[in-house]
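Topology and contacts: notes
Listed below, chain by chain, are the residues.
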Amino acid sequence: MGFDVVAERYARFMGRYAEPLTPHFADFARVSMGQRVLDVGCGPGTLTRHLVTLTEAHLVAAIDPSPPFIEAVARELARVDVHTGVAEALPFADSWFDVSLAQLVVHFMTDPAAGIEEMIRVTRPGGTVAACVWDADTGAVSPFWSCVDEIDPEAEDEALLAGSRMGDLEKLFKQAGLRKVEPRGLAVRVTHPTFEDWWDPYTFGVGPAGDYVESLDDAGRAALEEVARRRLGNGPFTVTATAWAARGIVA
């Protein structure tokens, strides 16, 4: 899956939606000063940077399987404890964190249940585990996949990924044994001044959408771009993106 890309490309592709989502998600997770916090699947550090403003940098840890992302976080946030690795095998001691977070990550975990169990393991009893995932039908990349569906109805989109439906994360959290599980929908609005501002990052090879565009030949890519321009217009236009979030308390 296309996440081994330079941080700047990811930022232009998903950061434009993740940035406004971040404070809502951190507020939902109730992160506060003095807490030891883990950012699982940190990407190039969108959530990590915000966590540093809420607690202290030396209390924040971040992990991601993409070396370019981790290099970017380490370069920008020198006091944050950064690691290259996966959610299913976190390199941290039991009960080490007060809060463990996964923003826009659970649906890309190889084993979401195992990833959540690891987040629970490294979080102290009474601590918080929280995650959020874009909604399958109204998430950040939904307009793109709607355009794909018009010309390629058999294409595999992101609708079946873990956590992308209402209640999915809540169910995963309860199955993992978390207590007092609370779900919530989080919405952000992003205005694109031009069609190109929206479209160009889809050609960067980031995530499933980027993989799909790269799989097309020139004619197929031109056809998809034409459909998208017809549906969305030349701009400006606003995308309203909804993410499903859940938080729970470690027993």
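Treat the numbers as computed from the prediction; the structure is a model and nothing was measured. (Residues numbered from 1 in each chain as written. Predicted model: local features only at pLDDT ≥ 70, side-chain atom pairs only at ≥ 80, totals over all residues. Heavy atoms only, no water.)

Looking now at the UniProt feature "domain: Methyltransferase type" (unreviewed entry) in the protein chain. UniProt's entry tags residues 38-130 with the feature "domain: Methyltransferase type" (unreviewed entry), counted in the numbering of this structure. Measuring from the first to the last C-alpha atom of residues 38-130 gives 10 Å, for a span that is 31% helix and 29% strand. (UniProt positions renumbered as here; feature names shortened; annotations may be inferred. Helix = DSSP H or I, 4+ residues; strand = E, 2+ residues; numbered from the N terminus.)

Counting 58 residues, the largest nonpolar core has Met14, Tyr17, Leu101, Trp134, Phe144, Trp198 and Leu224 as its most contacted members. Considering each element in turn, this core owes the most residues, ten residues, to helix H1 (residues 7-29). Leaving out residues up to four positions away in the same chain, leucine 224 has contacts with Phe144, Cys147, Val148, Ile151, Trp199, Tyr212, Val213 and Leu216. The next biggest cluster of nonpolar side chains, apart from the first, holds 26 residues, and it includes Val106, Met109, Val129 and Leu172. (Core = buried A, V, L, I, M, F, W, Y, C linked by side-chain atoms within 4.5 Å. Buried < 20%, exposed > 50% of the residue type's maximum accessible area, 1.4 Å probe, protein only. Contact = heavy atoms within 4.5 Å.)

Turning our eyes to something else, we now look at the packing of helix H5 (residues 142-151) against helix H8 (residues 207-215). Each pair of packed helices can be summarised by the angle the axes make with each other and by the distance between the axes. As a packed pair, H5 and H8 sit with axes 11 Å apart at the nearest point and diverge in direction by 35 degrees. At the point where H5 passes H8, the crossing takes the left-handed sense. Between H5 and H8, the contacting residues are Phe144, Trp145 and Val148 on the first element and Pro208, Ala209, Tyr212 and Val213 on the second. Its residues assigned to classes, the contact of H5 with H8 shows seven nonpolar, no polar and no charged. (Axes fitted to C-alpha atoms, helices over the stretch in contact; angles between N-to-C directions. Left-handed = near helix turned anticlockwise from the far one by under 90°. Nonpolar A, V, L, I, M, F, W, Y, C, P; charged D, E, K, R; others polar.)

The next subject is the pattern of salt bridges. Under the defined criterion, the tally for this structure stands at twelve salt bridges. The salt bridge involving arginine 165 is made with aspartate 137; its shortest N-O contact spans 2.7 Å. Placement of arginine 165 in the loop between H5 and helix H6 (168-175) and of aspartate 137 in the loop between strand S5 (123-134) and H5 is noted, with a sequence separation of 28 residues between them. Looking at arginine 165, the relative accessible area reads 34%, which means it is partly exposed. Linking glutamate 182 and arginine 247 is a salt bridge whose minimum nitrogen-to-oxygen distance equals 2.7 Å. Within this pair, whereas glutamate 182 is found in strand S6 (residues 179-192), its partner arginine 247 is found in strand S7 (residues 237-249), the two being separated by 65 residues in sequence. (Salt bridge = Lys/Arg side-chain N within 4 Å of Asp/Glu carboxyl O.)

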